[in-house]
Amino acid sequence: MKNIAFIINPISGTQNKRKLPKLIEQTLDKSQWLANIVFTERAGHAMELAHQYAHMGFDAVVAVGGDGTVNEVACGVRDTETALGILPMGSGNGFARHLNIPMRANRALEMLNHSEVIRADYGLANDKLFVTTCGTGFDALIADHFATAGSRGFQTYIKQIMQDLISYKPETYRIVENGKDLLEHKAFLLTFANASQWGNDAYIAPRASIQDGKMDICVMSSSALLGIPSLALRLFTKTIDKSLFMDTFRAKDIMLHREQASPFHIDGDPVEMPKDIHIRIIEDGLRVLVEKRF
């Protein structure tokens, strides 16, 4: 019998979560798991709870929500023997999609009944953890505006993109690796990817792996507006790395230098960051529940 906790974010995504405890009770294999279910009450609460459960020696803590909830739970269980599980109920669900976790709650719960633990990397932008992506530029601006939008969901995200495209002005960024310039470019956006996608099956780094000890650094050209239709198609067909408007590099540890303290996002959520940011990958720092392979 293993101890598992479900940390439910009641306001993530668009789905009502009142019936989730009953669904967990009905679906989870009680011969394997002894469940503890709790709802979050405020921002940062999921991280506090996950840290407590990890300290208590729980075998797994399941983030029930979107990428923000996953991020908080990962912060709480990182560098411990407690595994991160995911019941995806957010707007994008980028990390869950990368791990091929079902989007339907009952199927994701059934997967937990025949799951296994893998070791996975996580990233740090200064002291802030990311499991999927972090970045600056246009996508960070959208994350900032999306956070204050009156509604959630994919349609709101697309609407925000269309509104901000007209007035956005690219900035120049410099990336330094081991004391040497890796690149200095004016860019539409810069994404540092531990996993492959932003969410909603939009693959910004199709070849990224959470087990290679490196991040994919995705640099979209400042002239990307000329290719928006083709770039949008490539995002959803896992071919954006083949675009003439995109360059991809791999690194483990870099310094990002920006012109100003402009918008920055961590796993899709806007955060305040200084001009200069130390971004690095921590190898095997997470234990993650995925579908059993054999």
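All figures in this text were calculated on a predicted structure; none of them were measured in a lab.

### What to know about the overall build of the protein chain
Here comes step 1: A tally of helices and strands in the protein chain yields 8 helices and 15 strands.
Here comes step 2: Over its C-alpha atoms the protein chain spans a radius of gyration of 19 Å, differing by no more than 12% from the 19 Å that the globule rule assigns to 294 residues.
Here comes step 3: Projected onto its principal axes, the C-alpha coordinates of the protein chain cover approximately 55 × 40 × 35 Å.
Here comes step 4: Counting all 294 residues of the protein chain, 52% fall into the buried class.
Here comes step 5: Within the protein chain, contacts between residues at least 6 apart in sequence are counted, and of these 71% link residues at least 24 apart.
Here comes step 6: Distance from the positive charge centre (32 side chains) to the negative charge centre (34 side chains) of the protein chain: 5 Å.

### Side note on the packing of helix α1 (residues 20–27) against helix α5 (residues 105–113)
Here comes step 1: At a minimum axis separation of 10 Å, α1 and α5 run at an interaxial angle of 40°. With respect to α5, the element α1 is oriented oblique. Every pair of crossing elements has a handedness; the one defined by α1 and α5 is right-handed. Here Leu20, Leu23, Ile24 and Thr27 of α1 come into contact with α5, specifically with Ala105, Asn106, Leu109, Glu110 and Asn113.
Here comes step 2: Tallied by class, residues from the contact of α1 with α5 come to 5 nonpolar, 3 polar and 1 charged.

### Focus on helix α2 (residues 45–55)
Here comes step 1: Turning to α2, its buried residues number three or more, namely His45, Ala46, Leu49, Ala50, Tyr53 and Ala54. Down the axis of α2, the buried set is contained in an arc of 165°. They therefore lie on one face. Exposed and facing more than 90 degrees away from the buried side of α2 are His51 and His55.
Here comes step 2: Elements in contact with the buried residues of α2: β1 (2–8), β2 (33–39), β3 (60–65) and α3 (67–77).
Here comes step 3: With its phi angle positive at about 85°, glycine 57 sits one or two positions after the end of α2.

### Concerning the packing of aromatic side chains
Here comes step 1: Applying the stated rule across the entire model yields 4 aromatic pairs.
Here comes step 2: A centroid spacing of 4.8 Å and a plane angle of 55° characterise the contact between tyrosine 53 and phenylalanine 58, whose relative ring orientation is tilted.
Here comes step 3: Residue tyrosine 53 is classed as buried on the basis of its relative accessible area, which comes to 8%.
Here comes step 4: With 5.4 Å between their ring centres and 85° between their planes, tyrosine 168 and phenylalanine 188 make a pair best called edge-to-face. Of this pair, tyrosine 168 sits in the loop between α7 (154–165) and β8 (171–177) while phenylalanine 188 sits in strand β9 (residues 180–193), placing them 20 residues apart in sequence.
Here comes step 5: Note on tyrosine 168: relative accessible area 15%, which makes it buried.
Here comes step 6: A relative accessible area of 3% means that phenylalanine 188 is categorised as buried.
Here comes step 7: An aromatic cluster of three or more residues is present, and its members are Phe138, Tyr168 and Phe188.
Here comes step 8: A cation over an aromatic ring shows up here: lysine 2 above the ring of tryptophan 33, its NZ or CZ 4.4 Å from the ring centre.

### Notes on the nonpolar core
Here comes step 1: Counting 51 residues, the largest nonpolar core has Phe6, Ile7, Val73, Leu84, Phe95 and Leu112 as its most contacted members.
Here comes step 2: In this structure, Met215, Met246, Ile254 and Leu256 belong to the second largest nonpolar core, which totals 40 residues.

### Considerations on unusual backbone geometry
Here comes step 1: Although it is not a glycine, asparagine 200 adopts a positive phi angle of roughly 55°.
Here comes step 2: Along the chain, asparagine 200 turns up in the loop between β9 and β10 (215–221).

### Comments concerning the environment of alanine 96
Here comes step 1: Position of alanine 96 among the secondary structure elements: in helix α4 (residues 94–98).
Here comes step 2: According to the relative accessible area criterion, alanine 96 is buried, its value standing at 2%.
Here comes step 3: Residues alanine 96 and alanine 108, 12 residues apart in the sequence, show an inter-C-alpha distance of 9.7 Å.

### A look at the side chain of glutamate 171
Here comes step 1: Note that glutamate 171 resides in strand β8.
Here comes step 2: Notably, glutamate 171 is buried but unbridged: the nearest opposite-charge side chain belongs to arginine 258, and the N-O separation is 6.5 Å.
Here comes step 3: Here the side chain of glutamate 171 touches glutamine 260 through a polar contact of 3.1 Å, side chain to side chain.
Here comes step 4: Dropping the residues within four chain positions of it, glutamate 171 is found in contact with His185, Lys186, Ala187, Glu259, Gln260 and Ser262.

### Digging into α3
Here comes step 1: Counting buried residues along α3, 8 of its 11 residues qualify, which places the element largely inside the surrounding structure.
Here comes step 2: Listed in full, the buried residues belonging to α3 are Asp67, Thr69, Val70, Asn71, Val73, Ala74, Gly76 and Val77.
Here comes step 3: Of the residues flanking the end of α3, it is aspartate 79, one or two places downstream, whose phi is positive at about 60°.

Parameters at a glance
Residues numbered from 1 in each chain as written. Predicted model: local features only at pLDDT ≥ 70, side-chain atom pairs only at ≥ 80, totals over all residues. Heavy atoms only, no water. Helix = DSSP H or I, 4+ residues; strand = E, 2+ residues; numbered from the N terminus. Rg over C-alpha atoms; globule rule 2.2 N^0.38 Å. Buried < 20%, exposed > 50% of the residue type's maximum accessible area, 1.4 Å probe, protein only. Contact = heavy atoms within 4.5 Å. Lys, Arg positive; Asp, Glu negative; His and termini not counted. Charge placed at Lys NZ, Arg CZ, Asp CG, Glu CD. Axes fitted to C-alpha atoms, helices over the stretch in contact; angles between N-to-C directions. Parallel < 35°, antiparallel > 145°, perpendicular 65-115°, else oblique. Left-handed = near helix turned anticlockwise from the far one by under 90°. Nonpolar A, V, L, I, M, F, W, Y, C, P; charged D, E, K, R; others polar. Arc of directions from axis to C-beta. Phe/Tyr/Trp six-rings, centres within 6.5 Å; stacked < 30°, edge-to-face > 60°. Lys NZ or Arg CZ within 6 Å of the ring centre and 35° of its normal. Core = buried A, V, L, I, M, F, W, Y, C linked by side-chain atoms within 4.5 Å. Salt bridge = Lys/Arg side-chain N within 4 Å of Asp/Glu carboxyl O. Polar contact = N/O pair within 3.5 Å; in protein donor to acceptor, adjacent residues only side chain to side chain.

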